[in-house]
Amino acid sequence: MRDTDTIAAVATADGRGGIGIVRLSGPEALSIGEGLAGRSLEPRHAHHCRIRDPAGNILDDAIVIAFPGPRSFTGEDVVEIQGHGSPVVLQQILRAAVSQGVRLARPGEFSERAYLNDRIDLAQAEAIADLIAAGTEAAARGALRSLQGEFSRQIHDLMEAVTMLRVYVEAAMDFPDEDVDFLADGDVEIRLAELGDDLDAVRRAAGQGVLLGSGITLVLAGAPNAGKSSLMNALARRDTAIVTAIPGTTRDVLREPIDLDGLPVQLIDTAGLRDSSDPVEAEGVRRARAEVERADCLLFLVDAMATTGWPRTREEVELRVGAKLPARVVLVQSKIDLLTPAMEVPRNGELPAVAISALTGEGMEDLKQAIRRQVGFAGDEQSTFTARARHLHALDQAADGLAAALETLRATGAGDLVAEDLRLVHEHLGEIVGAVSSDALLGRIFSSFCIGK
Ligand SMILES: Nc1nc2c(ncn2[C@@H]2O[C@H](COP(=O)(O)OP(=O)(O)OP(=O)(O)O)[C@@H](O)[C@H]2O)c(=O)[nH]1
Ligand SMILES: [Mg+2]
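All values derive from a computational prediction rather than experimental measurement.

*Asks:* Is there a simple way to think about the packing of helix H4 (residues 122-133) against helix H13 (residues 415-433) in this case?
*Replies:* For any two helices packed against each other, one specifies the inter-axial angle together with the distance between the axes. One can describe the packing of H4 onto H13 by two numbers: an axis separation of 5 Å at closest approach and a directional angle of 35 degrees. Of H13, the residues touching H4 (which contributes Leu122, Ala123 and Glu126) are Glu431, Ile432 and Val433. Here the contact of H4 with H13 is built from residues that sort into four nonpolar, no polar and two charged.

And the structure:
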């Protein structure tokens, strides 16, 4: 189902600003835009106009630009009214457009139309949302590259290679009398393996892209006074959390987005873990444990001077935390500036360990590196584009399909079955760029956009 009515929305962010933009798209956009502007609009020209409602009241002094389809963002006729950035004024302009028969756009509907009109593919449409949501410069760069089609190009190359191989296999079936048996001579097997290698390279890059785009949540936990809030402030490079010498200072969960060498990290400071009869502190500890269970990575802090000693196993850490640990855990020995120089970081054997001082900054680079290594983030130079978990899932399915094709070939040598496996591989790759898509999938993707995109 495709809507072909004319839609409108405020395209700029909520709130006041120097300029605010109302965007119209659809078959009536031009005539309604000209009605509001009170003049005809030349394509791609900035017109200084008085915007009036149908009753003739002046609503704003604005710049109006018409982008006739198909050379527009949505591929339809688009008009942008660049008014003053007042929510009241913009809503009035929007109402005036609606009174002329325009419908208010759903979230992401402009991008959805751009996709449906083949201006961008699905991965590029998702990159628009990722670019707008980017939390670090590296993430923004990566999303822009996806929007420009870098990721899509790699997917299309893979799809092209799958198609070529399918044609090759099917040709082999069509000419069974040829001297050479294509399927048995090992050539198809080699080509399948090569394709598998190419696919794996894209999967690795997409895995980095997901980290770059979505980032991770990193939870700081440990006994009261272990130095969690001090580490939070050091990593965030600002005084977010209250630090005192009194154990049990932090009670609420504190969140701070940070840029860890390009990796967007949601840093979470929690209440020191201990049994407390104080109901406020007890609630803080309960919330701390809940955050640990939801985390992508846990930093478990142990005060270098603490008498509780160093945990020897993962189970021991789990016992101290009192919650199920995430797969990635880094042990942090804190306050090492208080130790004599000869002392080393105790080993745990199972878990990576780093010694730091939030006070002097010692060990902070090692800690960042340990976190990056734990989550498998190679660094923003290696991550050239952003991707989403949905894409990774489709790539995994494509890889399974390729493995199945190889298995089929070895077990049966039946070309038609291999060709069918390859068809499925092609389909999984196609889901990424939206060559195949369902209304349900599109609904899921575009409803997470905000209105006006
Ligand atoms: N010398 C030294 N003192 C530190 C360091 N980090 C923290 N401290 C001190 O240790 C005390 C506790 O620090 P916090 O950061 O509040 O510890 P916390 O783990 O957040 O404590 P709670 O919120 O009570 O669980 C404060 O007096 C800090 O100044 C460090 O690296 N070196
Ligand atoms: Mg604290």
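*Asks:* What should I look at first to understand the nonpolar core in this one?
*Replies:* In a soluble, globular protein the nonpolar side chains are often hidden away together inside. Judged by nonpolar contacts, the single largest core of 33 residues is most densely connected at Phe151, Ile155, Leu192, Leu199, Leu395, Leu422 and Leu429. Contributions of two or more residues to this core are made by helix H6 (150-174), helix H7 (187-214), helix H12 (389-412) and H13. Other than its neighbours up to four places away in sequence, Leu422 contacts Val162, Leu165, Arg166, Val169, Leu192, Leu402 and Ala405. Counting 31 residues, the second-largest nonpolar core is a separate cluster that includes Ala138, Ala236, Ile258 and Leu299.

*Asks:* Would you explain the layout of surface pockets in this entry?
*Replies:* Unfilled space is identified by rolling a water-sized probe across the atoms. Counted as a void, the second largest pocket has a volume near 390 Å³. Every residue lining the second largest pocket is counted, 24 residues in all, and those nearest its centre are Asn225, Gly227, Ser230, Val243 and Lys335. When residues of the lining of the second largest pocket are assigned to their parent elements, the largest contribution, three residues, is made by helix H8 (residues 228-236). Of the residues in the lining of the second largest pocket, the class split is nine nonpolar, 12 polar and three charged.

*Asks:* Can you walk me through the pattern of salt bridges in this structure?
*Replies:* Close approach of charged atoms allows side chains of opposite charge to pair. Taken as a whole and judged by the stated rule, the model has 28 salt bridges. Ionic pairing is found between Asp61 and Arg50, a salt bridge with its closest N-O pair at 3.9 Å. Remark: Arg50 occurs in strand S3 (residues 47-52) and Asp61 occurs in strand S4 (residues 58-67); sequence separation between them is 11 residues. Accessibility expressed as a relative area gives 32% for Asp61, which makes it partly exposed.

*Asks:* What is the right way to read the coordination of the magnesium ion (ligand 2) from this model?
*Replies:* Note on metal sites: the ideal angle is 109.5 degrees for four tetrahedral donors, and 90 or 180 degrees for six octahedral donors. Protein coordination of the magnesium ion (ligand 2) is provided by Ser229 (OG) and Thr250 (OG1), with donor distances spanning 2.0 Å. Of this pair, Ser229 sits in helix H8 while Thr250 is found in the loop between H8 and strand S8 (254-260), placing the two residues 21 residues apart along the sequence. For the residue pair Ser229 and Thr250, the accessibility class agrees, reading buried in each case.

*Asks:* Which parts of the structure should I look at to understand H4?
*Replies:* Given 3.6 residues per turn, any residue in an α-helix points the same way as the ones three and four places further on. The end-to-end C-alpha distance of H4, which contains 12 residues, comes to 17 Å, matching closely the 16 Å that a straight helix rising 1.5 Å per residue would cover. Judged by how many residues are buried, H4 sits mostly within the fold: nine of 12 residues are covered. Taken together, the buried positions of H4 are Leu122, Ala123, Gln124, Ala125, Glu126, Ala127, Ile128, Ala129 and Asp130. Measuring from the side-chain oxygen of the N-cap residue of H4 to the backbone nitrogen of Ala123 gives 3.0 Å; that N-cap residue is Asp121.

*Asks:* How should the site of ligand 1 be read in this particular structure?
*Replies:* In the vicinity of ligand 1, 22 residues are found, and the nearest of them are Lys228, Ser230, Gly248, Thr249 and Asp337. The fraction of the free accessible surface of ligand 1 (650 Å²) that becomes covered by protein chains is 87%. The cavity that encloses ligand 1 is the second largest pocket. In the shell around ligand 1, the residues fall into nine nonpolar, 10 polar and three charged.

*Asks:* So what exactly am I meant to see when it comes to the domain arrangement of the protein here?
*Replies:* The extent of an interface is frequently quoted as the accessible surface area lost upon association of the parts. According to the domain assignment, the protein consists of domain 1 (7-119), domain 2 (130-211 + 388-434) and domain 3 (215-375). The centre of domain 1, based on its C-alpha atoms, is set 41 Å off from the matching centre of domain 2.

*Asks:* For this particular structure, what's the right way to read the packing of aromatic side chains?
*Replies:* A ring pair, where both rings are aromatic, is described by two values, the distance of the centres and the angle of the planes. Tallied over the entire structure, the rule returns three aromatic pairs. Consider the rings of Phe446 and Phe449, whose centres lie 5.2 Å apart with planes at 50 degrees: the pair is tilted. A residue is classified by how much of its surface remains accessible, and Phe446, at 2% relative accessible area, is buried. In this structure Phe449 comes out as buried when scored by relative accessible area, which is 3%. Here the basic side chain of Arg23 rests over the ring of Phe110, its NZ or CZ set 4.5 Å away from the ring centre.

*Asks:* When you look at the sheet that holds S8 in this model, what are you seeing that I'm missing?
*Replies:* Whenever strands of a sheet pair, they do so through backbone hydrogen bonds, lying parallel or antiparallel. An order of S8-S9-S7-S10-S11-S12 is seen for the six strands of this open sheet, with the pairing classed as mixed. In the strand order of this sheet, the two ends are held by S8 and strand S12 (353-355), each with one partner. Between one strand axis and the next, the sheet turns by 25 degrees as a mean value, whatever way the strands run. The pairing of S8 with strand S9 (residues 263-269) spans seven bridges and is antiparallel. Note that in S9 the partner of Leu254 across the bridge is Asp269. Sheet contacts for H8: strand S7 (216-222), S8, S9 and strand S10 (297-303); angle to S8, the most-contacted strand, approximately 40 degrees.

*Asks:* I'm lost on the side chain of Ser72 in this one. Help?
*Replies:* For Ser72, the position within the fold is in the loop between S4 and strand S5 (78-85). Of note is the side chain of Ser72, whose polar atom sits 3.0 Å from the backbone nitrogen of Gly75. Once you skip the residues sitting within four places of it in the chain, Ser72 turns out to touch Phe67, Val78 and Arg119.

The rules behind each value
Residues numbered from 1 in each chain as written. Chains lettered and ligands numbered in written order. Predicted model: local features only at pLDDT ≥ 70, side-chain atom pairs only at ≥ 80, totals over all residues. Heavy atoms only, no water. Axes fitted to C-alpha atoms, helices over the stretch in contact; angles between N-to-C directions. Helix = DSSP H or I, 4+ residues; strand = E, 2+ residues; numbered from the N terminus. Contact = heavy atoms within 4.5 Å. Nonpolar A, V, L, I, M, F, W, Y, C, P; charged D, E, K, R; others polar. Core = buried A, V, L, I, M, F, W, Y, C linked by side-chain atoms within 4.5 Å. Buried < 20%, exposed > 50% of the residue type's maximum accessible area, 1.4 Å probe, protein only. 1 Å grid on protein atoms, 1.4 Å probe; cavity = no way out; pocket = protein on both sides within 12 Å on 5 of 7 lines; lining within 4 Å. Points joined across faces, edges and corners; volume = space filled by probe spheres on them. Salt bridge = Lys/Arg side-chain N within 4 Å of Asp/Glu carboxyl O. Donors = N, O, S within 2.8 Å, 3.2 Å for Na, K, Ca; no water. Expected span 1.5 Å × (residues − 1). Polar contact = N/O pair within 3.5 Å; in protein donor to acceptor, adjacent residues only side chain to side chain. Near = heavy atom within 4 Å. Areas by Shrake-Rupley, 256 points an atom, 1.4 Å probe, with all protein chains shown as cover. Sits in = over half its atoms within 2 Å of the grid points. Domains from an automatic or database assignment. Phe/Tyr/Trp six-rings, centres within 6.5 Å; stacked < 30°, edge-to-face > 60°. Lys NZ or Arg CZ within 6 Å of the ring centre and 35° of its normal. Pairing = 2+ DSSP bridges.

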